[in-house]
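# Observations on the model geometry
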Amino acid sequence: MMKLLKTRKTNIALTAFLCGLMFTASAQKSFKYGAALQQVDSTGFYRISLKPGFVAKAGNDMADIRIADAKGNFVSYIQAGSLPQKNQQSFVVFNRVDTRLPADTGTTYVVENKTGLALDRLWIKLQNTAVQRKVNLMGSDDLQQWFAIQENIPLQEAVQNSEGSYLQLLSFPASSYRYLKMLVNDKNKTPIKFLQAGIYTEYAKTLAYTPIPSLRFTHADSNKTTFISIKLNDNYQVNKLHLNISAPKYFKRNITVYQIIGGYKEVIAEAELNSTKNNDLLFSAKASQLLLQIANGDNQPLTITGIDAYQTDQYLVSYLDGKQSYRLLVGDSTAQAPEYDLKFFADSIKDNIPTISHGAVVKNNTVLQAQVKAGKDYTVLIWVAIIIALGLLLLLTLKMTKEVGKKVGDDV
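Residues numbered from 1 in each chain as written. Predicted model: local features only at pLDDT ≥ 70, side-chain atom pairs only at ≥ 80, totals over all residues. Heavy atoms only, no water.

Okay, the overall build of the protein chain next. Within the protein chain, the secondary structure is distributed over four helices and 25 strands. Considering the protein chain as a whole, with its 412 residues, one finds that 42% of them fall into the buried category. For the protein chain, the accessible area works out to roughly 23,000 Å², and carbon and sulfur atoms hold 53% of it. (Helix = DSSP H or I, 4+ residues; strand = E, 2+ residues; numbered from the N terminus. Buried < 20%, exposed > 50% of the residue type's maximum accessible area, 1.4 Å probe, protein only. Areas by Shrake-Rupley, 256 points an atom, 1.4 Å probe, with all protein chains shown as cover.)

Structure, rendered in structure tokens:
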């Protein structure tokens, strides 16, 4: 009887192993695109630079990004902006603004960004809590009209401490709104308590940008207004537009930036073009098409000789093995943001870790095929063999179960 039980356990374990292989392969294929990571020289933490072409394939919240090793296992990572600052005296607290709209259906916390800088991160200080909540981040310049920046950001649970409060970083596409609102989805639930929000002065500086390739634009002048249509080759993350204006020598015009989605236009930024400034438009949009509307009044239209688009530099931080090869996966619309333990060990990561990048973004099935040695493709046969093996193991397990039951009955 013991021999039968041992055989049964072995069969079950083998079945579970084969099912795990099938699940891993299925999980890999759910991501439409992949990119090989640069090989690392030694084991340790690395900062992974995400190029615009890769970010373009990700969802708006980049929750579908994964790092996979050579065996197909997912490797933990955190956003580079999640690294804590060593000098706690450099924290700049944003003033809280008491405002609440009738449309708000949860706990709100509004702060004012007086730095005038485009920010891609915000530290929030919360009273210790161990509940699960999600927050929507919005921006405004007048406290009346609010625009979405990022939605459904999970709030972390407090780590055990004696201070009664904890800090969490909210990372988001760079935005230059004067006011930032955090709206917690806690309707009909006990609210959480915000204590502070702000940034570290180390981050209060000009953000670094990467150019977005292959921008095309056309313009038309009509009824004292100039319309500029911008088309991109993919659904890029756009955080800055730079307009090259050659004439007239002096100008001051209002400009509105629209994002085109499904034939409809949505306002994402309003700004001023001025001959005394650099004419950079800072905002956040995941788009393949933008529309600029410039109010000329009684003036001649501006002469625009070129437009450049940029994405703020995006990084992941992960602990990589020097003996392993890795690749990035992206493009699964059903994927949820991963929750890795690494976020609790961010204090162990040094500031000067090396930076690596990734190769060309290709369809994931192309990546999988590229890893197979040249020769015949036995993928179908392998899957058939796995299915047959699972079927035989299931029948054998059922047979063993019946024999064990029969044996127990005879003993009784």
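Below, the discussion takes up the nonpolar core. Counting 27 residues, the largest nonpolar core has V238, L241, L243, F283, L290, L292 and I307 as the members making the most contacts within it. Breaking this core down by element, the ones donating at least two residues are strand 17 (225-247), strand 18 (252-261), strand 19 (264-274), strand 20 (280-295) and strand 21 (303-312). In contact with F283, not counting residues within four places along its chain, are A174, V238, N239, L241, V257, I268, A269 and L290. Counting 24 residues, the second largest nonpolar core, distinct from the first, contains I124, F147, I153 and F172. (Core = buried A, V, L, I, M, F, W, Y, C linked by side-chain atoms within 4.5 Å. Contact = heavy atoms within 4.5 Å.)

On average, residues of the protein chain score 80 in pLDDT, and 79% of them reach the 70 mark or higher. Of the regions scoring below 50 in pLDDT, residues 2-6 engages in four contacts with residues more than four places distant in sequence or in other chains. This stretch, residues 12-26, has a pLDDT under 50; its non-local contacts, to residues over four places away or in other chains, come to 14 contacts. (pLDDT = per-residue confidence, 0-100.)

Moving on: the pattern of salt bridges. Under the counting rule described, the total for this entry stands at seven salt bridges. A salt bridge links D234 to K57; its shortest N-O distance comes to 2.9 Å. Here K57 lies in the loop between helix 2 (52-55) and strand 3 (66-69) and D234 lies in strand 17, a separation of 177 residues in the sequence. Judged by its relative accessible area of 25%, K57 is partly exposed. For D280, the salt bridge goes to K240, with nearest N and O atoms at 3.9 Å. Within this pair, whereas D280 is found in strand 20, its partner K240 is found in strand 17, the two being separated by 40 residues in sequence. According to the relative accessible area criterion, D280 is partly exposed, its value standing at 25%. Take K240: its relative accessible area is 14%, and that puts it in the buried class. What you see here is one network of salt bridges that share partners, running through K252, E272 and K277. (Salt bridge = Lys/Arg side-chain N within 4 Å of Asp/Glu carboxyl O.)

Another aspect to go through is the sheet that holds strand 4 (residues 74-75). Strand pairing in a sheet relies on backbone hydrogen bonds, with the paired strands running either antiparallel or parallel. Strand order in the open sheet made by the five strands is 4-3-23-1-25, with antiparallel pairing throughout. Edge strands, defined here as strands with exactly one partner in the open sheet, are strand 4 and strand 25 (362-363). Here strand 1 (residues 33-36) pairs with strand 23 (residues 326-330) via four bridges, running antiparallel. Following the sheet pairing, A36 is matched in strand 23 by R327. (Pairing = 2+ DSSP bridges.)

A few words on a nonpolar patch on the surface. A cluster of nonpolar side chains, I388, L392, L394, L395 and L398, forms an exposed patch at the surface whose accessible area comes to about 520 Å². Secondary-structure assignment places L398 in helix 4 (residues 379-411). (Patch = residues over 30% accessible without salt bridge, like charges linked within 9 Å, V, L, I, M, F, W, Y side chains within 5 Å.)

Taken together, the four strands give an open sheet; going across it, the order is 5-22-2-24, and neighbouring strands pair in mixed fashion. Strand pairing shows two members of the sheet lacking a second neighbour, strand 5 (77-79) and strand 24 (355-356), which therefore form its edges. In terms of strand pairing, strand 5 meets strand 22 (residues 314-320) through three bridges, oriented antiparallel. Bridging from a neighbouring strand, Q79 pairs with L316 of strand 22.

Bringing the pairing of strand 20 into the picture now. Two strands pair when backbone bridges link them, and strand 17 and strand 20 are joined in this way by 13 bridges, in the antiparallel orientation. The residue bridging V238 from the neighbouring strand is A285, located in strand 20. As judged from the six bridges shared by strand 18 and strand 20, these two strands associate in the antiparallel manner. Across the sheet, the residue bridging to N254 is A295, located in strand 20.

Scanning all chains against the criterion turns up six aromatic pairs. Ring plane angle 15° and centroid distance 6.1 Å describe the contact between F147 and Y177, whose orientation is recorded as stacked. Of this pair, F147 sits in strand 11 (residues 147-154) while Y177 sits in the loop between strand 12 (165-175) and strand 13 (179-184), and the two are 30 residues apart along the sequence. In this structure, F147 and Y177 share a single accessibility class: buried. (Phe/Tyr/Trp six-rings, centres within 6.5 Å; stacked < 30°, edge-to-face > 60°.)

This part is about the environment of K323. Turning to its location among the elements, K323 is positioned in the loop between strand 22 and strand 23. What makes K323 exposed here is its relative accessible area of 81%.

As a further point, take the side chain of Q237. Its location among the elements puts Q237 in strand 17. At 3.3 Å, the side chain of Q237 and the side chain of S284 are in polar contact. Looking at Q237, its side chain comes within polar contact range of the main-chain oxygen of A285, at 3.5 Å. In this structure, Q237 is in contact with V55, P173, I212, S284, A285, K286, Y310 and Q311, ignoring residues within four places of it in sequence. (Polar contact = N/O pair within 3.5 Å; in protein donor to acceptor, adjacent residues only side chain to side chain.)

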